[in-house]
Number of protein chains: 4
Amino acid sequence: MGSTYGKIFTITTFGESHGAGIGAVIDGCPAGLVIDETFIQSEMARRKPGQSKITTQRQEADQVSILSGVFDGKSTGAPIALFIPNEDARSKDYSHLENTFRPSHADFTYEAKYGVRDHRGGGRSSARETAARVAAGAVAKLFLMAQGIDIKAYVSQVGDIQAPPHGQLDLSTTEDNIVRCPDSATATKMITLIDQVRLDRDTIGGAITCVIKGSPPGLGEPVFDKLHAEMGKAMLSINAVKGFEYGSGFSGIRMRGSEHNDAIINKDGVIRTVTNHSGGVQGGISNGEEIYFRVAFKPVATIMQDQASVDKEGNPVTVTGKGRHDPCVVPRAVPIVEAMAALVMADFVLRARTSRIQ
Amino acid sequence: MGSTYGKIFTITTFGESHGAGIGAVIDGCPAGLVIDETFIQSEMARRKPGQSKITTQRQEADQVSILSGVFDGKSTGAPIALFIPNEDARSKDYSHLENTFRPSHADFTYEAKYGVRDHRGGGRSSARETAARVAAGAVAKLFLMAQGIDIKAYVSQVGDIQAPPHGQLDLSTTEDNIVRCPDSATATKMITLIDQVRLDRDTIGGAITCVIKGSPPGLGEPVFDKLHAEMGKAMLSINAVKGFEYGSGFSGIRMRGSEHNDAIINKDGVIRTVTNHSGGVQGGISNGEEIYFRVAFKPVATIMQDQASVDKEGNPVTVTGKGRHDPCVVPRAVPIVEAMAALVMADFVLRARTSRIQ
Amino acid sequence: MGSTYGKIFTITTFGESHGAGIGAVIDGCPAGLVIDETFIQSEMARRKPGQSKITTQRQEADQVSILSGVFDGKSTGAPIALFIPNEDARSKDYSHLENTFRPSHADFTYEAKYGVRDHRGGGRSSARETAARVAAGAVAKLFLMAQGIDIKAYVSQVGDIQAPPHGQLDLSTTEDNIVRCPDSATATKMITLIDQVRLDRDTIGGAITCVIKGSPPGLGEPVFDKLHAEMGKAMLSINAVKGFEYGSGFSGIRMRGSEHNDAIINKDGVIRTVTNHSGGVQGGISNGEEIYFRVAFKPVATIMQDQASVDKEGNPVTVTGKGRHDPCVVPRAVPIVEAMAALVMADFVLRARTSRIQ
Amino acid sequence: MGSTYGKIFTITTFGESHGAGIGAVIDGCPAGLVIDETFIQSEMARRKPGQSKITTQRQEADQVSILSGVFDGKSTGAPIALFIPNEDARSKDYSHLENTFRPSHADFTYEAKYGVRDHRGGGRSSARETAARVAAGAVAKLFLMAQGIDIKAYVSQVGDIQAPPHGQLDLSTTEDNIVRCPDSATATKMITLIDQVRLDRDTIGGAITCVIKGSPPGLGEPVFDKLHAEMGKAMLSINAVKGFEYGSGFSGIRMRGSEHNDAIINKDGVIRTVTNHSGGVQGGISNGEEIYFRVAFKPVATIMQDQASVDKEGNPVTVTGKGRHDPCVVPRAVPIVEAMAALVMADFVLRARTSRIQ
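Residues numbered from 1 in each chain as written. Chains lettered and ligands numbered in written order. Predicted model: local features only at pLDDT ≥ 70, side-chain atom pairs only at ≥ 80, totals over all residues.

Asker: Could you clarify how one ought to interpret unusual backbone geometry in this entry?
Answerer: Trans peptide bonds make up the majority, and among non-glycine residues the majority have a negative phi. In this structure, A:Gln358 is a non-glycine residue whose phi angle is positive, near 70 degrees. Mapped onto the elements of the fold, A:Gln358 is located in the segment after helix H7 (330-352). Residue class for A:Gln358 comes out exposed when judged on the 12 C-beta atoms lying within 10 Å of it. The backbone phi angle of C:Asp62 is positive, close to 50 degrees, even though this residue is not glycine. Its location among the elements puts C:Asp62 in the loop between helix H1 (37-47) and strand E4 (65-66). (Helix = DSSP H or I, 4+ residues; strand = E, 2+ residues; numbered from the N terminus. Buried ≥ 20, exposed ≤ 12 C-beta atoms within 10 Å, placed from the backbone.)

Asker: Which parts of the structure should I look at to understand the relation of the copies chain B and chain D?
Answerer: Each of the two chain copies goes to the other by way of a rotation about an axis and a shift along it. In screw terms, the move from chain B to chain D is a rotation of 180 degrees and a rise of 0.0 Å along the axis, fitting with an RMSD of 0.0 Å. Here the two chains are linked by the operation of a two-fold rotation axis. No C-alpha of chain B lies nearer the rotation axis than that of B:Arg353, which sits 3.3 Å from it. Looking at the interface residues of chain B, 100% of them are also at the interface in chain D, so both copies use one shared face. (Least-squares fit on C-alpha atoms with pLDDT ≥ 70 in both. Contact = placed C-beta atoms within 7 Å.)

Asker: Would you mind going over the sheet that holds strand E4 (residues 65-66) of chain A with me for this structure?
Answerer: Sheet strands associate in pairs through backbone hydrogen bonding, adopting either a parallel or an antiparallel arrangement. Residue and element names in this part refer to chain A. Taken in spatial order, the five strands make up an open sheet running E1-E2-E3-E7-E4, and their pairing is antiparallel. Two strands in the sheet have a free side with no partner beyond their single neighbour: strand E1 (4-5) and E4. Packing against the sheet, helix H3 (residues 130-145) makes contact with strand E2 (10-15), strand E3 (21-27) and strand E7 (80-85), and its axis sits at approximately 35 degrees to E3. (Pairing = 2+ DSSP bridges. Axes fitted to C-alpha atoms, helices over the stretch in contact; angles between N-to-C directions.)

Asker: Is there a simple way to think about the interface of chain B and chain D in this case?
Answerer: How big an interface is tends to be stated in terms of accessible area lost as the parts join. Taken together, the contacts link 17 residues of chain B with 17 residues of chain D. Counted by class, the side of chain B that touches chain D contains ten nonpolar, five polar and two charged residues. (Nonpolar A, V, L, I, M, F, W, Y, C, P; charged D, E, K, R; others polar.)

Asker: Honestly, the pairing of strand E2 (residues 10-15) of chain C in this entry has me stumped. Any pointers?
Answerer: For a regular strand, side-chain orientation follows a simple rule: the groups alternate between the two sheet faces. Residues and elements named next belong to chain C. Most of E2 sits out of view: six of its six residues are buried. As judged from the two bridges shared by strand E1 (residues 4-5) and E2, these two strands associate in the antiparallel manner. Along E2, the bridge assignment pairs Tyr5 with Ile11. Relative to strand E3 (residues 21-27), E2 runs antiparallel, the two being bridged by six bridges. Within E3, the residue paired with Thr12 across the bridge is Val25. Between E2 and the antiparallel strand that follows it, E3, lie five residues.

Asker: What's the story with the packing of helix H1 (residues 37-47) of chain B against helix H3 (residues 130-147) of chain B in this structure? I'm lost.
Answerer: Residue and element names in this part refer to chain B. With their axes 9 Å apart at the nearest point, H1 and H3 run at an angle of 140 degrees to one another. Taken together, H1 and H3 sit at an angle that is classed as oblique. Crossing angle aside, the handedness with which H1 passes H3 is right-handed. Where H1 abuts H3, its residues Phe39, Ile40, Glu43, Met44 and Arg47 lie against Thr130, Ala131, Val134, Ala135, Ala138, Val139 and Leu142. Of the residues belonging to the contact of H1 with H3, the class tally is nine nonpolar, one polar and two charged. (Parallel < 35°, antiparallel > 145°, perpendicular 65-115°, else oblique. Left-handed = near helix turned anticlockwise from the far one by under 90°.)

Asker: What is the right way to look at the interface of chain D and chain C in this model?
Answerer: On the chain C side, the residues contacting the 94 residues of chain D number 94 residues. Looking at side-chain class alone, the side of chain D that touches chain C contains 37 nonpolar, 39 polar and 18 charged residues. Taken together, the three bridges between strand E11 (residues 241-246) of chain C and strand E11 (residues 241-246) of chain D define a ladder with antiparallel strand orientation. Looking at E11(D), one finds that C:Glu245 is bridged to D:Gly243.

Asker: Looking at this structure, I do not really get the relation of the copies chain D and chain C. What am I missing?
Answerer: When chain D is fitted to chain C, the residual RMSD is 0.0 Å, and the transformation amounts to a turn of 180 degrees plus an axial shift of 0.0 Å. Both copies present the same face, since 100% of the interface residues in chain D are matched by interface residues at the equivalent positions in chain C.

Asker: What am I meant to see in the pairing of strand E16 (residues 291-297) of chain A here?
Answerer: All names here are of chain A. Among the seven residues that make up E16, seven are buried, leaving the element largely enclosed by the rest of the structure. Side chains of E16 alternate between two faces, with Ile291, Phe293, Val295 and Phe297 and Tyr292, Arg294 and Ala296 buried alike. As defined by bridge partners, strand E10 (residues 206-213) adjoins E16 across seven bridges and the pair is classed as antiparallel. Its bridge partner lying in E16, Val211 is registered against Tyr292.

Asker: Looking at this structure, I do not really get the environment of B:Ile191. What am I missing?
Answerer: As for its position among the elements, B:Ile191 is in helix H4 (residues 184-199). When the C-alpha atoms of B:Ile191 and B:Cys328 are compared, they prove to be 9.9 Å apart, with 137 residues separating the residues in sequence.

Asker: Sorry, what's going on with the confidence of the model for chain A here?
Answerer: Detailed reading of predicted coordinates is not advised where the pLDDT is low. Looking at chain A, the pLDDT average stands at 95 and 98% of residues meet or exceed 70. Interface confidence for the predicted complex, expressed as ipTM, amounts to 0.97; the pTM equals 0.98. (pLDDT = per-residue confidence, 0-100.)

Now the structure itself:
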């Protein structure tokens with residue numbers, strides 16, 4: 001259960017790390033959208049393993065097959081099924097884990113919930129599942145581009161190293177370096193740190209900031225399905241995410257209302273706010289300003305060190321990381337954050353079409 | 001749209017700040033639950049306005065009527081409708097706002113979305129809607145108590161004043177003071193600060209921490225409906241919330257895997273973790289440890305000061321707070337956080353019953 | 001569970017026959033709709049008990065209170081809660097049934113499912129629940145009228161007495177007689193039959209035909225949520241319904257394709273069909289022709305005769321109808337069929353707004 | 001939209017008649033179920049084209065690949081993705097239809113809804129989509145078998161030829177003849193009729209009856225999600241279905257309550273009914289008796305005769321059936337009816353686990 005996201009523009013994912021492959025079915029994509037396969041593939045390339053020295057060395061082509069829903073290059077309104085075969089799955093790297101629970105992985109919890117478990121590479125709990133999200137998110141992005149909505153995420157923190165605030169950055173340069181931080185000086189420090197962590201056979205946490213421009217006012221729903229509540233859920237559903245804040249976020253705790261409130265002005269006939277502590281959302285609904293938020297990622301759980309754990313029978317065991325893993329997840333998570341943001345926004349664009357009698 | 005939450009144990013809320021009242025319909029509450037109306041009412045009392053000098057002075061009895069779904073004191077499996085009439089609604093306090101957009105309120109965004117707007121007291125966007133959540137959450141709590149699951153929230157921060165970590169606190173003392181912080185020394189400082197802020201005709205932000213004990217392993221779903229993702233959505237759907245983190249949260253960004261990972265041990269036949277940076281959730285599924293998270297609230301938007309804004313036609317206006325408002329939202333938000341947490345957990349308890357063939 | 005219907009224009013009902021009352025929450029009604037309370041009440045009058053000699057003599061004003069979602073006479077986009085208090089509930093008429101299962105009622109099945117049961121007047125299983133549907137359906141009708149969609153149902157059969165085909169009838173005359181059959185000669189026979197059945201202390205089945213005019217092409221979804229599949233579910237969810245057919249329906253079994261197929265023509269620039277065996281729906285999507293369907297109702301289960309049954313302990317008992325009941329359900333079910341049809345159509349009108357990129 | 005069915009045991013289908021293939025994703029299948037691939041394939045064989053002289057001669061192996069969710073032969077609780085490649089798709093048979101609307105097909109309605117259309121073999125509207133339902137339904141059947149629930153459908157009518165009532169039939173003999181009617185004398189007549197219709201270059205309608213044994217009491221939900229309402233929707237969602245009735249069905253219109261009511265008895269400690277006009281369902285919830293219903297299918301729309309229609313520009317055209325089609329759909333629809341019934345029942349079995357506090 002729980003493998004479907006969205007109300008109108010919906011995505012259902014399937015697949016495991018070491019099974020036949022990973023896939024997604026998009027139901028509710030409006031008809032008539034030009035499906036640019038090159039763009040989808042370019043998004044996959046941003047997430048795929050083995051792309052640089054600071055990522056896992058597993059090699060996957062991550063070639064997306066479109067199995068349905070597209071005819072003559074356009075969406076038809078029928079479900080769009082996307083499939084990405086697994087190629088470089090080395091299941092034997094995991095045979096020693098069949099009866100072992102790895103610390104801070106989902107091994108024990110899946111066993112507790114289901115009684116059976118595909119232990120190979122974490123099975124369904126592997127971050128490989130996010131490949132399907134990136135593929136589907138690329139379709140959502142194509143839809144949003146046609147609406148003038150632009151989503152850009154970047155690495156804003158690794159360990160203690162932080163990038164300047166997003167207003168001071170040129171987000172078009174994010175892809176210029178392998179860590180995906182648009183401030184090159186900060187990026188260099190981040191890469192050095194990740195490299196060091198890798199040599200230490202350890203991992204480290206990080207943060208991603210995402211900025212959405214071009215959203216019209218009126219997206220999002222009151223009460224439970226607030227724009228930022230759905231966005232928070234979408235982000236927290238990404239592997240390794242521990243926190244979400246939008247606008248002023250946790251720093252708003254320390255602020256006074258007189259400081260935090262965003263004064264409203266009429267700017268050339270458009271109602272705007274002077275500041276944007278609201279993060280582009282008021283009462284759960286977009287106000288036309290930039291939507292921005294920050295997502296916290298924990299350090300990857302697989303480390304190349306001995307750790308204490310137990311096996312299925314409760315006997316103490318020592319677990320040592322094998323396989324090929326990322327020392328820091330955030331560089332590859334940038335397109336995942338964008339994909340989930342795109343899925344949330346696409347859904348709200350469609351929902352907004354039903355808010356008035358017309 | 002978006003006024004329903006949950007998959008099996010569902011809640012649909014309705015009502016506006018100055019209309020006939022506020023209500024909720026619970027559908028999916030299992031049959032046979034003893035519905036303790038005194039308990040429901042005691043939860044309402046924790047949220048209701050006018051309860052202390054640091055809250056709004058609006059007076060509402062917040063008496064809950066059970067309109068359906070309960071017979072001979074027990075739930076029947078039919079929808080439980082709860083209704084709380086509005087009594088002390090002074091709509092004329094808002095007549096000057098009919099055409100004005102208050103800064104950092106939802107006035108402009110509702111207008112942009114719907115074209116019409118109930119301006120009285122914020123209408124549907126008012127936090128008064130949360131009265132319905134507390135009533136429904138009390139029913140969810142009754143269900144969870146029978147499962148041995150206990151949910152306790154408290155005020156962990158107001159402005160710069162922070163309580164010690166939750167492990168050092170006795171959460172049974174939370175209700176001993178009006179700010180709902182279980183550390184009395186910290187509570188005193190918080191109350192002083194809120195009082196000062198009120199005299200300054202201003203407002204201030206805060207944070208609430210919530211701790212869930214007694215959750216069995218296996219609650220939560222993989223992928224999109226992870227326990228912490230649904231919890232995050234539920235919290236972010238509460239008025240004024242700007243951020244959510246669980247377990248290590250944002251501090252996990254700075255940690256290394258070797259420090260963050262929770263070693264697993266066999267403690268008297270129960271599989272436990274030594275530390276709990278995971279916050280009781282791994283891969284979106286509970287592991288039996290304490291589930292804990294922190295929620296950030298911005299300062300209340302209504303301040304008793306002049307602010308620049310515009311009216312519906314875009315003309316500049318000065319807005320000054322009238323009405324009766326909270327200088328800090330967190331003391332009254334404690335039962336709201338618990339209510340939403342209870343709704344999330346009740347839903348997952350029921351969902352978990354379907355995970356295996358049996 | 002299962003008390004909510006619809007995807008965008010949704011309705012959640014609550015209430016029991018002998019509790020405080022019956023209600024509905026509409027979530028997803030577009031903003032800006034003029035809510036004509038007189039119209040809502042006139043729909044209630046068509047369903048209410050005691051309206052004629054051939055219906056139950058229970059007296060209910062069935063006055064609808066709008067608790068939320070309407071401001072200045074218009075829908076605001078917030079949930080519209082509707083409440084109808086129970087007034088003439090004589091629970092003592094049912095006290096002898098506390099431990100008895102009435103034949104062909106839901107007494108046993110509710111007991112089997114829930115273990116507890118509100119036995120008074122059938123509790124949640126009473127057709128009184130449909131009062132909430134009629135109230136909510138009236139709102140849906142107001143929305144559809146603005147789209148030019150008109151829904152008209154009528155009694156097409158009682159026992160062996162059948163009205164002529166709908167194409168030969170003037171549906172504007174349905175309300176001219178108490179049985180709601182637009183053919184006055186047939187109506188007279190039906191009334192005589194129902195009267196006789198009542199004198200026999202018995203009940204009898206019937207059928208309702210519904211015709212929807214003005215539907216644009218393109219409503220309904222392929223695959224599972226076909227227009228006629230949702231319509232069928234909606235109709236079958238009405239108490240006492242045993243069957244549903246649309247277009248040619250069961251008579252299509254005997255037809256050949258060459259006879260059944262609806263030839264397509266261009267009629268003054270509009271693509272039309274010559275015949276309409278399809279019932280206005282092809283592949284689950286409306287084609288712009290009249291949508292029509294027929295609904296079969298069983299005879300009411302409560303009869304004023306002795307019947308063999310058992311009590312909760314399995315001991316044989318004799319059950320005799322008490323209370324006040326309808327000898328034939330179809331005259332009062334006409335507005336219920338229309339209400340459910342309106343809810344289905346309103347939902348599809350809104351869903352259709354998301355089918356193309358625009 | 002609308003390609004997902006079910007609440008807990010859910011199925012999402014994708015694929016078109018002449019695309020890469022057809023597939024389904026099952027989310028919510030309980031973990032630990034032995035997935036018998038041979039059984040799945042045997043169900044596919046019952047639906048596949050080319051199986052006898054009275055079906056279409058299109059040849060498809062309909063080999064199901066399980067892409068995910070199964071490990072060591074058992075379901076893991078993760079989504080089970082099933083894929084069936086298209087092999088014998090002769091798209092050129094349809095090239096003349098690119099701009100033509102076939103009578104009583106979904107060509108015009110898809111065009112009206114989406115503005116674009118995959119015309120090859122009917123695209124998404126083709127009954128080939130039901131291959132995915134049969135594959136997923138086979139998994140649901142495996143789950144139900146473990147619960148002792150048995151679902152058997154058969155052809156009960158073709159044109160005017162009707163089989164005896166189901167109580168007089170041995171349903172284990174259904175597969176003994178190519179028309180799937182368990183009465184061999186009737187079967188012979190049906191086959192002769194279908195053969196004649198085929199020679200006439202025409203098609204004919206039919207009916208399928210389905211009987212479910214072993215259902216415990218308590219399945220189904222009150223109000224909207226009644227067991228028979230969901231069953232009706234599921235059946236009406238199958239291509240070519242025009243009507244649904246359960247229990248007494250349309251014949252109940254003519255009955256009196258004293259005749260229709262099912263007297264209740266205690267049979268060796270089990271509460272049973274003497275007759276079963278209720279069709280095993282009372283108030284939307286199963287009572288433990290046989291659940292039975294009948295489904296009406298129209299004659300297949302593609303006939304090998306000239307028919308009047310128009311093209312996309314509204315110009316008159318003559319359409320003549322090409323390709324390979326069934327003269328009567330019901331023999332191959334038997335496993336589809338069973339599959340949909342299995343999906344409905346599996347969902348209700350899981351939902352029923354949440355009805356009481358436990």
